[in-house]
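# Breakdown of the fold
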Amino acid sequence: MIQKATEVKVNIKPVMGILVHSDFWEGPCRGGIKEEMMPEAEMRSARVKFENYKQRFSQISGQANLLEPVFVPYDESFVVDEKIIAEIEKDLDKTDCLMVMNQRIPKIERFNKPVISWTHTVSAADTCAYLRSIGKEAWYPIDMKELNELIHLLWVRKAAQHTRVLVLTAGEAPTWGLLSNIRDTERLRSRYGIEIIKNPFTDIFKFMDTVTDEEAMPLTEKLYGHALENKVKPEFLINDVKYYLAAEKMLEKYSCNAFSTSCVELCRSRIPQERKFVPCITHTLFKDRGIPSACEEDLNALTAMIMLMYTAMRPAFMGNPLYESDEMFSLHHSVPCLKMNGFDTEDMSYSIYPFTGQGFGGKIQIDFAQSRSEEVTLARFNTFGDRMLLKTGNVLRSEYKEAYCSPYYYIQADDVRGYLHQMMNFGHHQALVFGNWRRQLYALSKIMGFEIVEGSGADL
């Protein structure tokens, strides 16, 4: 079974700081009612606050796994008892992030973990500013909504760190179909934790030969039976399904959860011609399962796809951009997905067309008018994997072509000419998801350490 990166959770250790004074007195930092300021009264109040915080845990995102919370009282010496420190350290090895509640905790930096300061502005601003000044990660979510948004972004980062990509390649660098491709895979691993495993593109065919008609027929019939229109014969479509099932077997064998394969190199081998298939449906089906899958060994688009899919919780389309006018460009490839409105939504209506003039090579055709959002977000990383080109727009219409790459999606956007010129710094394929995710991606870029580029690249 494929262990999807999206199955991870962010392990958060809640720790509640509280100043419990050793006696009663008043002065420039303390004033109130004596009975409420005695040590016993302050401790009782602190315990109630701790229980109140725990009652709110049910509102926290399911993408978080909350570890055992720790009550952290300390007196005016601002020294935390060693027994409490040991309690926090008990499961520190599996802690992704500390969530400090109520008040700051002295020397929280000793644990060397990112800190969410779920307190109040005074404590949070001071703590975060200090931690950031010494090179530590710290954030202050103002309310539950922001807390869950932050947890989601931290989850995206962790999911990326658990993404292991199987790339089927001809071994050429750069690849002839994609000169602008990311070539330094170790940089991707060190920067984002994304691991790349490369195998010869021919390795898949010994797996494909083990897939029987009986194994492939149920999915073939399901795809065929649910399509609005079928222009690929079942005896051809089953070959596309066999390639998909073979790729699934390879992902399982190599413990991978993302996929890409050469295209130009695969095509020139004439193996697809002999076996009567193309890999397009494989990309569609994987992405609908939350498994990033990119055409043509394109690690730039795949890295953007990983960020988009995990952030938006929906599969991504990727395709070739073409200039149509200063207000419109088109994007075409054969890899739209059935669940582009969200992994938990119903399949969109689709048709099956052939990629080839001979009638083999199934490709899914989907009208983007079924989107629940008029806007779309497009992205691609540069050759060094440290800058993301970002663009938003509106889909105006969809068009299908009988053969070759299709559908075509016509997208309205501002400064199209400058956007396409900016691709001189990034390359061509763009990954696309439904909805406007610009704000979330900017927040993610700060957490994951990449730069976003939106401005015009016009220099002609």
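Numbers given for residues are sequential positions, taken from 1 along each chain in its written order. In keeping with the predicted nature of the model, local features appear solely for residues at pLDDT of at least 70, side-chain atom pairs appear and are counted solely at 80 or more, and the whole-chain, interface and lining totals rest on all residues. Side-chain figures throughout are based on the complete set of non-hydrogen atoms in the structure, without hydrogens or water.

### Some thoughts on the sheet that holds strand β9 (residues 258-261)
If you trace the four strands from one edge of the open sheet to the other, you get β8-β7-β9-β10, paired in parallel fashion. A strand with exactly one partner marks an edge of an open sheet, and here the two such strands are β8 (195-200) and β10 (293-295). The sheet shows a mean angle of 20° between the axes of neighbouring strands, taken without regard to direction. Against the sheet, helix α9 (residues 234-253) contacts β7 (164-169), β8 and β9, and its axis sits at roughly 125° relative to β9. Should DSSP find at least two bridges between two strands, the strands are regarded as paired. Think of it this way: any DSSP run of H or I at least four residues long counts as a helix, any run of E at least two long counts as a strand, and we number them from the N terminus. All axes are obtained by fitting lines to C-alpha atoms, using only the stretch in contact for helices, and the reported angles, taken between N-to-C directions, cover 0 to 180 degrees. We call two residues in contact whenever any of their non-hydrogen atoms come within 4.5 Å of each other.

### Regarding the pairing of strand β16 (residues 387-399)
Taken residue by residue, a regular strand's side chains alternate between the two faces of the sheet. Alignment of strand β15 (residues 375-381) against β16, held across seven bridges, turns out to be antiparallel. Across the sheet, residue Glu-375 finds its bridge partner in β16, namely Asn-394. Here β15 hands over to β16 after five residues, with Gly-385 in that stretch at a positive phi of 70°. In this sheet, strand β19 (residues 451-453) lies alongside β16 in parallel orientation, the contact comprising three bridges. Considered in β19, the bridge of Arg-387 is made with Glu-451. Two elements, β16 and strand β17 (residues 408-412), share five bridges in a ladder whose sense is antiparallel. Across the sheet, Ser-398 pairs through a bridge with Tyr-409, a residue of β17.

### Digging into the state of the cysteines
In protein chemistry, a disulfide is the covalent bond that joins the sulfur atoms of two cysteines. Only a pair of cysteine sulfur atoms within 2.5 Å counts as a disulfide in this structure description. In total, this model carries zero disulfides according to the counting rule given. Cysteine Cys-295 is unpaired, with the sulfur of Cys-280 as its nearest cysteine sulfur at 6.4 Å. Summary of the burial criterion: residues with accessible area below 20% of their type's maximum are buried, those above 50% are exposed, and those between are partly exposed, where the area comes from a 1.4 Å probe applied to protein chains only. Its relative accessible area of 9% is what places Cys-295 among the buried residues.

### What about a nonpolar patch on the surface?
Patch members must show over 30% relative accessible area and no salt bridge, and they are joined within 9 Å when carrying like charges or within 5 Å when they are nonpolar side chains of Val, Leu, Ile, Met, Phe, Trp or Tyr. Calculation of accessible area relied on Shrake-Rupley with a 1.4 Å probe; when residues are assessed, cover is drawn exclusively from the protein chains displayed. Here, a salt bridge means any side-chain nitrogen of Lys or Arg that lies within 4 Å of a carboxyl oxygen of Asp or Glu. Taken together, the side chains of Trp-176, Leu-179 and Val-264 define a hydrophobic patch exposed on the protein surface, amounting to about 340 Å² of accessible area. Position of Val-264 relative to the elements: it lies in helix α10 (residues 264-268).

### As for the packing of helix α6 (residues 185-192) against helix α13 (residues 299-312)
Running from N to C, α6 and α13 point in directions that differ by 15°, and their axes come no closer than 12 Å. Between α6 and α13, the angle is such that the two are roughly parallel. For the pair α6 and α13, the crossing hand works out as right-handed. Residues Thr-185, Leu-188 and Tyr-192 of α6 pack against Leu-299, Thr-303 and Met-307 of α13. Only Asp, Glu, Lys and Arg are considered charged, only Ala, Val, Leu, Ile, Met, Phe, Trp, Tyr, Cys and Pro nonpolar, and every remaining residue, Gly among them, polar. Taken together, the residues of the contact of α6 with α13 break down into four nonpolar, two polar and no charged. Any angle between 65 and 115 degrees counts as roughly perpendicular, while under 35 counts as roughly parallel, over 145 as roughly antiparallel, and the rest as oblique. Less than a right angle of anticlockwise turn of the near helix away from the far helix marks a crossing as left-handed, whereas a clockwise turn marks it as right-handed.

### Quick look at the packing of α9 against helix α12 (residues 280-288)
Where α9 contacts α12, the axes come no closer than 8 Å and their chain directions differ by 55°. With respect to each other, α9 and α12 are oriented oblique. Where α9 crosses over α12, the two elements pack in a sense that is right-handed. Contacts between α9 and α12 pair Leu-237, Asp-240, Tyr-243, Tyr-244, Ala-247, Glu-248 and Leu-251 from the former with Ile-281, Thr-282, Leu-285 and Phe-286 from the latter. Here the residues of the contact of α9 with α12 are counted per class, giving eight nonpolar, one polar and two charged.

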